[in-house]
Amino acid sequence: MSGDFLALAQPGVQKLSPYVPGKPVDELARELGIDPARIIKLASNENPMGASPRALRAINDALAELTRYPDGNGFELKQRLSQACGVQPQQVTLGNGSNDILEIVARAYLAPGLNAVFSEHAFAIYPIVTQAVGATAHIARAKNWGHDLPTMLAAIDSNTRVVFIANPNNPTGTWFGPSALADFLAQVPRDVLVVLDEAYIEYAEGAELPDGLDFLSAYPNLLVSRTFSKAYGLASLRVGYALSSPVVADVLNRVRQPFNVNSLALAAACAALDDVDYVAQSRQLNEAGMQQLEEGLGRMGLDWIPSKANFIAVDLGREAASVYEGLLREGVIVRPVGGYGMPDHLRVSIGLPAENSRFLEALSKVLARG
Ligand SMILES: Cc1ncc(COP(=O)(O)O)c(C=O)c1O
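Note that the coordinates shown come from a computational prediction; the quantities given were computed from them, not determined experimentally.

How each quantity is defined
Residues numbered from 1 in each chain as written. Predicted model: local features only at pLDDT ≥ 70, side-chain atom pairs only at ≥ 80, totals over all residues. Buried ≥ 20, exposed ≤ 12 C-beta atoms within 10 Å, placed from the backbone. Helix = DSSP H or I, 4+ residues; strand = E, 2+ residues; numbered from the N terminus. Arc of directions from axis to C-beta. Contact = placed C-beta atoms within 7 Å. Axes fitted to C-alpha atoms, helices over the stretch in contact; angles between N-to-C directions. Parallel < 35°, antiparallel > 145°, perpendicular 65-115°, else oblique. Nonpolar A, V, L, I, M, F, W, Y, C, P; charged D, E, K, R; others polar. Core = buried A, V, L, I, M, F, W, Y, C linked by C-beta atoms within 7 Å. Domains from an automatic or database assignment. Near = placed C-beta within 6 Å. Pairing = 2+ DSSP bridges.

## Some remarks on helix 9 (residues 246-255)
Structural remark: α-helix, 3.6 residues per turn; residues separated by three or four positions point the same way. Residues V248, A249 and L252 constitute the buried set of helix 9. Viewed along the axis of helix 9, the buried residues span an arc of 100°, placing them on a single side of the element. Opposite its buried face, helix 9 presents the exposed residues V247 and R254, each directed more than 90 degrees away. Among the structural elements, strand 2 (92-95), helix 5 (98-109), strand 6 (193-197), strand 7 (222-227) and strand 8 (240-243) are those in contact with the buried residues of helix 9.

Given below as structure tokens:
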């Protein structure tokens, strides 16, 4: 007789639903028999520009060492990041994507009997990593789809060890300003780790959003997580990082897998960090694409949540699932966000101008069918 290996899993894990990623192009092509070349994917907040040529060259150069383990300490990338971010190398933790950072934080600081605070409509990985280690989620009500920091503060209790906050947030694109963050940090108990997830921060330059790094020296309980997956265009390589106090970095380093960032990713990330033109272009393309989508949606009489990220949540004013399916049949993949408590919205990543037009045309066609 064999054991019931679902029942034997940790209670939090038994109740988990796996993360649902954006539908891959090849999967849709297989399912509907569509030519993959005719499909566009605006579903995973990826950079539509293609990778930086400098990153591609670095990957090519690194191929010669493929039989070797990567540098487990990521020395070179940590040096570069510490210079770019104005911190000490011992304040940097590297992750296999910033998802890895979020998971390492949960494993290091959460456990049954403890809790993490995050907002309604927050990034799906926060509940997953919290539940996976048997901790409880304290979900604070959102305000106008965004994080309501005073409500999040009120959700903190003596068993709270971590607060997860994304600025801008995914999937809403909402954001808060520097004074809101300053007020929040000043009131959070010093033994609660605030994880400020800045996965999209490069798209939001300007004074409207705080730069989490400005608060690091005053708040040893602050961790800023960032990624090379979005504005740096390296999503497939999986590389992200955390900036924190050296003590928190040391704790995370104890839990981290020894070679969590591979050598191609390390080399490409160093090169991408130097390619400031690429990031500037990503930002420009995104701004223009956001405007294009807002104008197009406005012409259709649709509403959306204003966004400072590289995607926009469109309010269809009705159940979005069938529109999502209709768009798939047009060869356009976007992201349904019913699982985030937003059944009437679809999240659309900003693409190239032609992709944005294709999406708008397909949406108008699908909506016209009723
Ligand atoms: C808010 C937020 N944080 C973190 C991530 C994780 O990204 P990655 O693991 O590719 O760095 C994402 C990805 O979509 C995100 O939206």
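After presenting the structure, the write-up continues.
## Considerations on the packing of helix 5 against helix 9
Taken N-terminus to C-terminus, the directions of helix 5 and helix 9 make an angle of 95°; their axes are 9 Å apart at the nearest point. Accordingly, the angle class assigned to the pair helix 5 and helix 9 is roughly perpendicular. Side by side, helix 5 and helix 9 meet where I104, V105, R107 and A108 of the first sit next to V251, L252 and V255 of the second. Class assignment for the residues of the contact of helix 5 with helix 9 results in six nonpolar, no polar and one charged.

## Quick word on the nonpolar core
In summary, soluble globular proteins display a tendency toward joint burial of nonpolar side chains. Residues V105, V163, V195, L234 and A268 are the most contacted members of the largest nonpolar core, which totals 111 residues. The greatest single-element share of this core, amounting to eight residues, is contributed by helix 10 (residues 263-274). Two domains each donate at least three residues to this core, and these are domain 1 (11-41 + 277-368) and domain 2 (53-275). Discounting residues that sit within four places of it in the chain, L234 has contacts with A51, A55, F228, S229, V239, A268, A269 and A272.

## Let's talk about the site of the ligand
Residues in close proximity to the ligand total 13 residues, the closest being G97, S98, N170, T227 and S229. Taken together, the residues of the shell around the ligand sort by class into four nonpolar, eight polar and one charged.

## A short note on unusual backbone geometry
The linkage connecting N167 with the following residue, P168, adopts the cis geometry, with an omega of -5°. With an omega of 15°, the peptide bond between N170 and P171 qualifies as cis. Checked against the element boundaries, P171 lands in the loop between strand 5 (160-166) and helix 8 (178-187). Positive phi values are uncommon outside glycine, yet N45 reaches one of about 55°.

## Describing the sheet that holds strand 5
The seven strands are arranged 2-8-7-6-5-3-4 in an open sheet whose pairing can be described as mixed. Single-partner strands in this sheet number two, and they are strand 2 and strand 4 (136-140). Geometrically, the sheet is characterised by an average inter-axis angle of 20° between neighbouring strands, direction not taken into account. One ladder, built from five bridges, connects strand 5 with strand 6; its direction is parallel. Residue V162 lies in a different strand from strand 6, and its bridge partner there is L193. Most of the contacts of helix 5 go to strand 7, to which it runs at about 150°, and overall it touches strand 2, strand 5, strand 6, strand 7 and strand 8. Strands strand 2, strand 6, strand 7 and strand 8 of the sheet are contacted by helix 9, whose axis makes an angle of about 30° with strand 2.

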